[in-house]
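Below are the chains, spelled out letter by letter.
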Amino acid sequence: MAFDLPGLDYDYAALEPHIDARTMEIHHTKHHQTYVTKLNAAIAGGEWDGKSIEDIMANVSKLPAVVRNNGGGHYNHTLFWKVMSPEGEGEPEGKLLEGIIEGFGSFDGFKEQFTNVAINQFGSGWAWLIQAGGILRITSTPNQDNPLMDLAEVKGLPILGIDVWEHAYYLKYQNRRNDYVGAFWNVINWDEVAKRMK
Ligand code: MN
């Protein structure tokens, strides 16, 4: 029962000009594939073989670093592809918008806070919108950690995440992470984000 690289719901070029096709292709077929391959190799034939990725995340402190890094990489990228869409322009609605207003005052307030966290995550990592204790919060994690991990400083259910590793933007944006984070707002699949709320 090995993990598979999930397909995308859109073409590699579909998020242009915000995220370029070459970055998408390398990110999906090389980076994400490598996380899947190394995760499978690390758990093959052992106690965690056949367990869900969520179950592995919730127990990751008991597992070797290779599972933390590559299991996190698999979970994080699987979410990342889903929360983006070529029809991503627009704003959240319904219960998601209500949660954002409750948590951050307004959609603009949320955007500003999320952007700041994404830009200021030092080095490689992720910025997240999570649901925790019934409210929405923004947090960030280093490397391929995520808020589902039992060792995460701030835990919760990730409903939106942005990859701020340089491999996610360097070909198009070089060192300009702020431009990449700004462009991300044009490709967010708000319906998918809302669906992930419990
Ligand atoms: Mn990545």
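Structure: above.
Please read these numbers as outputs of a predicted model, since none were measured by experiment.

K.L.:
Could you clarify how one ought to interpret the overall build of the protein in this entry?
P.N.:
The secondary structure content of the protein amounts to 8 helices and 3 strands. In the protein, the succession of α and β elements from N to C terminus is α-α-α-α-α-β-β-β-α-α-α. Computed over the C-alpha atoms, the radius of gyration of the protein is 16 Å, within 12% of the 16 Å expected from 2.2 N^0.38 for a compact globule of 198 residues. Considering only C-alpha atoms, the protein reaches an extent of 50 × 40 × 30 Å along its principal axes.

K.L.:
Please clarify how the packing of helix H5 (residues 107-120) against helix H7 (residues 177-184) should be interpreted in this entry.
P.N.:
Relative placement of two packed helices is described by the angle separating their axes and the distance separating the axes. At a minimum axis distance of 10 Å, the contact between H5 and H7 shows a crossing angle of 145°. Crossing of H5 over H7 shows right-handed handedness. Contacts between H5 and H7 involve Phe-114, Thr-115, Ala-118 and Ile-119 from the former and Arg-177, Asn-178, Val-181 and Phe-184 from the latter. Residues belonging to the contact of H5 with H7 are distributed by class as follows: 5 nonpolar, 2 polar and 1 charged.

K.L.:
What should I look at first to understand the nonpolar core in this one?
P.N.:
In summary, soluble globular proteins display a tendency toward joint burial of nonpolar side chains. Formed by 57 residues in total, the largest nonpolar core has its most connected members in Met-84, Phe-110, Phe-114, Leu-160, Ile-162 and Tyr-180. With 6 residues, strand E1 (residues 125-132) is the largest single contributor of residues to this core. Sequence-distant contacts of Ile-162, that is, excluding residues within four places in its chain, are made with Phe-80, Phe-114, Ala-118, Gly-125, Trp-126, Ala-127, Tyr-180, Val-181 and Phe-184.

K.L.:
Just to check I follow, could you spell out helix H4 (residues 94-104) for this structure?
P.N.:
What sets the pattern is the α-helix's 3.6 residues per turn: residues three or four places apart point alike. Within the span of H4, buried status applies to Leu-96, Gly-99, Ile-100 and Phe-104. Down the axis, H4 shows its buried residues gathered within 100° of arc, on one side only. When the buried face of H4 is taken as reference, the exposed residues oriented beyond 90 degrees from it are Glu-98 and Glu-102. Those residues of H4 that are buried are in contact with H5, E1, strand E2 (135-142), strand E3 (157-163) and helix H8 (190-195). Taken from the residues just after H4, Gly-105 is the one with a positive phi, measuring 90°.

K.L.:
Could you clarify how one ought to interpret unusual backbone geometry in this entry?
P.N.:
A negative phi holds for most residues other than glycine; trans holds for most peptide bonds. In this chain, Glu-16 is followed by Pro-17 through a cis amide linkage whose omega measures 0°. One non-glycine residue, Asn-143, lies in positive phi territory at about 55°. Along the polypeptide, Asn-143 turns up in the loop between E2 and E3. By relative accessible area, which is 41% here, Asn-143 ends up partly exposed. If you check the backbone angles, Gln-174 has positive phi at about 50° while not being a glycine. Turning to its location among the elements, Gln-174 is positioned in the loop between helix H6 (170-173) and H7.

K.L.:
What exactly am I supposed to notice about helix H3 (residues 65-82) here?
P.N.:
With 18 residues, H3 should cover 26 Å at 1.5 Å per step; its first-to-last C-alpha distance of 26 Å lies within 8% of that length. Of all the positions in H3, only Val-67, Asn-70, Gly-71, Gly-72, Gly-73, His-74, Tyr-75, Asn-76, His-77, Leu-79, Phe-80 and Trp-81 are classed as buried. Residues of H3 that are buried sit in contact with helix H1 (21-43), helix H2 (53-58), E1, E3 and H7.

So, how was this worked out
Residues numbered from 1 in each chain as written. Predicted model: local features only at pLDDT ≥ 70, side-chain atom pairs only at ≥ 80, totals over all residues. Heavy atoms only, no water. Helix = DSSP H or I, 4+ residues; strand = E, 2+ residues; numbered from the N terminus. Rg over C-alpha atoms; globule rule 2.2 N^0.38 Å. Axes fitted to C-alpha atoms, helices over the stretch in contact; angles between N-to-C directions. Left-handed = near helix turned anticlockwise from the far one by under 90°. Contact = heavy atoms within 4.5 Å. Nonpolar A, V, L, I, M, F, W, Y, C, P; charged D, E, K, R; others polar. Core = buried A, V, L, I, M, F, W, Y, C linked by side-chain atoms within 4.5 Å. Buried < 20%, exposed > 50% of the residue type's maximum accessible area, 1.4 Å probe, protein only. Arc of directions from axis to C-beta. Expected span 1.5 Å × (residues − 1).

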